[in-house]
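# Commentary on secondary and tertiary structure
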There are 2 protein chains.
Amino acid sequence: MTELAIGIDGGGSSCRAAVADSKGNVLGRGKAGPANILSDLDNSLLNIISSAREALRDAGLPAETVSKVSAVVGVAGANVGDYRARIEHALPFADGHVVTDALIALEGALGDSDGVIGAFGTGSVYNARRDGKLRGIGGWGFVVGDQASGARLGRDLLEKSLLAYDKVRPSSPLTVKLMTEYGDDPERVVEFAHASKPKEFARYAPLVFDYAAQGDEIAIGIIKDAAAAIGDNLDALLWPECPAICLLGGLAKAYEPWLAERHKVLLREPKGDVLQGAIDLALKFLQERQKGAA
Amino acid sequence: MTELAIGIDGGGSSCRAAVADSKGNVLGRGKAGPANILSDLDNSLLNIISSAREALRDAGLPAETVSKVSAVVGVAGANVGDYRARIEHALPFADGHVVTDALIALEGALGDSDGVIGAFGTGSVYNARRDGKLRGIGGWGFVVGDQASGARLGRDLLEKSLLAYDKVRPSSPLTVKLMTEYGDDPERVVEFAHASKPKEFARYAPLVFDYAAQGDEIAIGIIKDAAAAIGDNLDALLWPECPAICLLGGLAKAYEPWLAERHKVLLREPKGDVLQGAIDLALKFLQERQKGAA
């Protein structure tokens with residue numbers, strides 16, 4: 001048994017791992033392909049393990065160390081059916097724990113404390129920990145959910161630009177810019193919309209924030225709608241004594257000024273990122289094992 | 001040369017044709033596969049011609065009659081690039097005219113008169129004829145448009161049902177019914193949403209209207225949003241002396257009570273359907289030919 005802990009963030013676009021000593025000093029990092037356990041368990045397992053092995057290599061540790069460490073893997077879907085047990089069974093670690101992506105995000109942002117986190121990137125999802133109990137909402141994807149996601153901001157911009165093109169609703173510098181990008185041809189906008197994945201819609205999100213900051217009325221309307229959706233979701237999770245709200249993800253900072261005052265006063269900087277949450281949890285398991293062994 | 005006219009509605013799900021004598025009496029009808037000229041010109045042409053041949057056969061007329069008739073084909077995309085010329089070149093009729101689907105819809109609903117039409121089925125689209133000049137808006141598909149389409153009503157219902165499931169927004173008998181259909185499992189709702197085409201979303205539209213009529217608050221909210229979108233689109237096309245608005249398509253009647261008073265007073269029953277519009281136009285061309293020959 002070694003005194004090492006590995007945290008793994010098994011994400012839908014890549015797996016990231018870090019190995020730390022018992023004091024939490026990160027010794028090495030690794031990265032591998034995505035983990036989407038519900039759609040592709042076998043490759044997800046390969047990528048989870050591969051990221052861990054790379055972190056050990058990066059730390060200059062021998063390959064066989066992998067069987068001696070405590071590890072925590074955070075991955076979406078870990079709470080579905082028997083996936084947790086199946087993954088834990090396949091892991092090569094001395095002590096491997098599989099938890100939800102929500103738990104490592106909460107742990108990273110809030111440490112042991114209670115609170116609410118909202119993550120805003122291509123998608124949007126919210127999680128709360130109250131008296132140690134977790135509750136998650138949102139994250140249903142941009143077709144019928146993720147109202148404050150980058151993908152929805154982009155889709156809204158396209159929709160409002162077509163309404164402006166048709167002179168059904170007002171245009172603005174932002175809708176003019178969007179239509180100009182497509183040669184002022186609505187058919188090309190529609191073609192993009194029907195061929196694109198959420199990530200491609202989301203590339204318009206920073207543009208919408210930029211124009212909103214410059215006073216563009218359409219951009220402001222899009223952001224206000226999204227911010228209202230954030231407010232509704234936070235209200236659904238908050239309780240009177242909730243000590244903290246952390247916003248995570250690429251759009252977190254951009255949304256802050258648009259939040260309601262009652263939420264702004266609760267905003268706290270996240271302590272660490274999602275991977276840090278996995279490392280911290282793995283360190284806890286390591287300490288438990290050491291106590292158990294002592 | 002015969003004194004026959006053929007009208008063809010070249011639609012995205014099927015081609016329908018009817019042959020009429022010079023007085024407009026329909027002698028036979030035919031049907032064939034879809035016409036989507038921009039994505040599959042060759043098969044569209046085959047289906048257009050096949051529907052016409054079937055109408056002649058149905059009328060008990062010899063096959064060679066096809067080369068002696070006046071015909072009008074209404075088809076989406078007829079105004080794009082050189083498609084009109086390419087189709088007219090390939091048609092076997094003595095006198096074949098290709099026009100937009102919007103024109104035969106206007107002609108069918110309004111005859112020669114000016115006015116505005118809105119069509120509400122799986123999609124939604126609006127067309128106006130003012131002083132003989134056409135203008136069309138909407139019809140961009142449900143991902144970034146078609147705000148009053150059946151597909152959008154269905155998508156809205158799914159989105160609001162997930163928000164109710166998460167307790168972010170209120171639930172209603174309709175959202176409870178929807179979630180029950182999916183075993184109260186949001187993952188299954190999302191799975192349906194990501195796998196479904198507009199037509200499958202649109203199958204929820206009658207349910208939303210039913211529940212709205214019974215006072216369901218969520219259903220009423222969804223329909224009011226869609227009706228407001230119809231109002232915005234009509235206002236974008238209307239002019240002070242506009243004599244008539246016709247609503248077409250499967251959801252037309254259901255929307256009527258939800259329209260603004262200023263639009264309700266202009267509502268008129270459509271004179272005929274889209275195919276009738278194609279027949280009427282073909283009869284006009286027949287009369288012109290006869291005048292030219294006289």
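Everything quoted here is computed from the prediction, not taken from an experiment. (Residues numbered from 1 in each chain as written. Chains lettered and ligands numbered in written order. Predicted model: local features only at pLDDT ≥ 70, side-chain atom pairs only at ≥ 80, totals over all residues. Heavy atoms only, no water.)

Another point: helix H5 (residues 173-181) of chain B. Residues and elements named next belong to chain B. Within the sequence span of H5, burial applies to Leu174, Thr175, Leu178 and Met179. Considered in projection along H5, the buried side chains sweep an arc of 130 degrees and stay on one side of the axis. Of the exposed residues in H5, the ones pointing more than 90 degrees away from its buried face are Pro173 and Thr180. Along its buried surface, H5 packs onto helix H4 (150-165), helix H6 (186-195), helix H8 (205-213) and helix H9 (217-237). (Buried < 20%, exposed > 50% of the residue type's maximum accessible area, 1.4 Å probe, protein only. Helix = DSSP H or I, 4+ residues; strand = E, 2+ residues; numbered from the N terminus. Arc of directions from axis to C-beta. Contact = heavy atoms within 4.5 Å.)

Attention now goes to the pairing of strand E5 (residues 95-99) of chain A. All names here are of chain A. Taking burial as the measure, the 5 residues of E5 include 5 buried ones, the bulk of the element. The alternating pattern of E5 places Asp95, His97 and Val99 and Gly96 and Val98 on opposite faces, both of which are buried. Sheet topology places strand E4 (residues 70-75) next to E5; 5 bridges connect them, and they run parallel. Across the sheet, residue Val73 finds its bridge partner in E5, namely Val98. In this fold, E4 hands off to helix H2 (residues 83-90), which returns the chain to E5; that crossover is right-handed. (Pairing = 2+ DSSP bridges. Right-handed = clockwise from strand over helix to strand, strands pointing away.)

All names here are of chain A. Read from one edge of the open sheet, 5 strands run E3-E2-E1-E4-E5, paired in mixed fashion. Of all strands in the sheet, those bounded by a partner on one side alone are strand E3 (26-32) and E5. Averaged over all pairs of adjacent strands, the angle between their axes in this sheet comes to 15 degrees, without regard to strand direction. Bridge analysis of strand E1 (residues 4-10) against strand E2 (residues 15-21) gives 7 bridges, and the strand direction is antiparallel. The residue of E2 that forms the bridge with Leu4 is Asp21. Across the sheet, helix H3 (residues 101-110) lies against E1, E4 and E5, angled at about 110 degrees from E4, the strand it touches most. (Axes fitted to C-alpha atoms, helices over the stretch in contact; angles between N-to-C directions.)

What follows concerns the interface of chain B and chain A. Contact with chain B, which involves 29 residues of that partner, is made by 29 residues of chain A. Taken together, both faces of the contact between chain B and chain A bury some 2500 Å²; the carbon and sulfur share is 60%. Broken down residue by residue, the surface that chain B buries against chain A is led by B:Trp140, B:Val144 and B:Asp166, which jointly contribute 29%. Taken together, chain B and chain A are joined by 10 residue pairs in polar contact (both at pLDDT 80 or more). For the side of chain B that touches chain A, the elements supplying multiple residues, two or more each, are strand E8 (133-138), H4, H6 and H9 of chain B. Among the elements that make up the side of chain B that touches chain A, the one with the highest residue count is H4(B) (7 residues). Looking at side-chain class alone, the side of chain B that touches chain A contains 14 nonpolar, 6 polar and 9 charged residues. (Buried area = accessible area lost by both parts, 1.4 Å probe. Polar contact = N/O pair within 3.5 Å; in protein donor to acceptor, adjacent residues only side chain to side chain. Nonpolar A, V, L, I, M, F, W, Y, C, P; charged D, E, K, R; others polar.)

Turning our eyes to something else, we now look at the relation of the copies chain B and chain A. Structural alignment of chain B on chain A gives an RMSD of 0.1 Å, achieved by rotating through 180 degrees and translating 0.0 Å along the axis. The relationship between the two copies is best expressed as a two-fold rotation axis. Residues of chain B ranked by C-alpha distance from the rotation axis are headed by B:Val143, positioned 4.1 Å from it. In this assembly the copies share their binding face: 100% of the residues contributing to the interface of chain B also contribute to that of chain A. (Least-squares fit on C-alpha atoms with pLDDT ≥ 70 in both.)

Bringing the UniProt feature "domain: ATPase BadF/BadG/BcrA/BcrD type" (unreviewed entry) in chain A into the picture now. Per the UniProt entry, the sites bearing "domain: ATPase BadF/BadG/BcrA/BcrD type" (unreviewed entry) are residues 6-255 of chain A in this numbering. When the span residues 6-255 of chain A is considered, its composition is 44% helix and 21% strand, and the gap between its end C-alpha atoms is 32 Å. (UniProt positions renumbered as here; feature names shortened; annotations may be inferred.)

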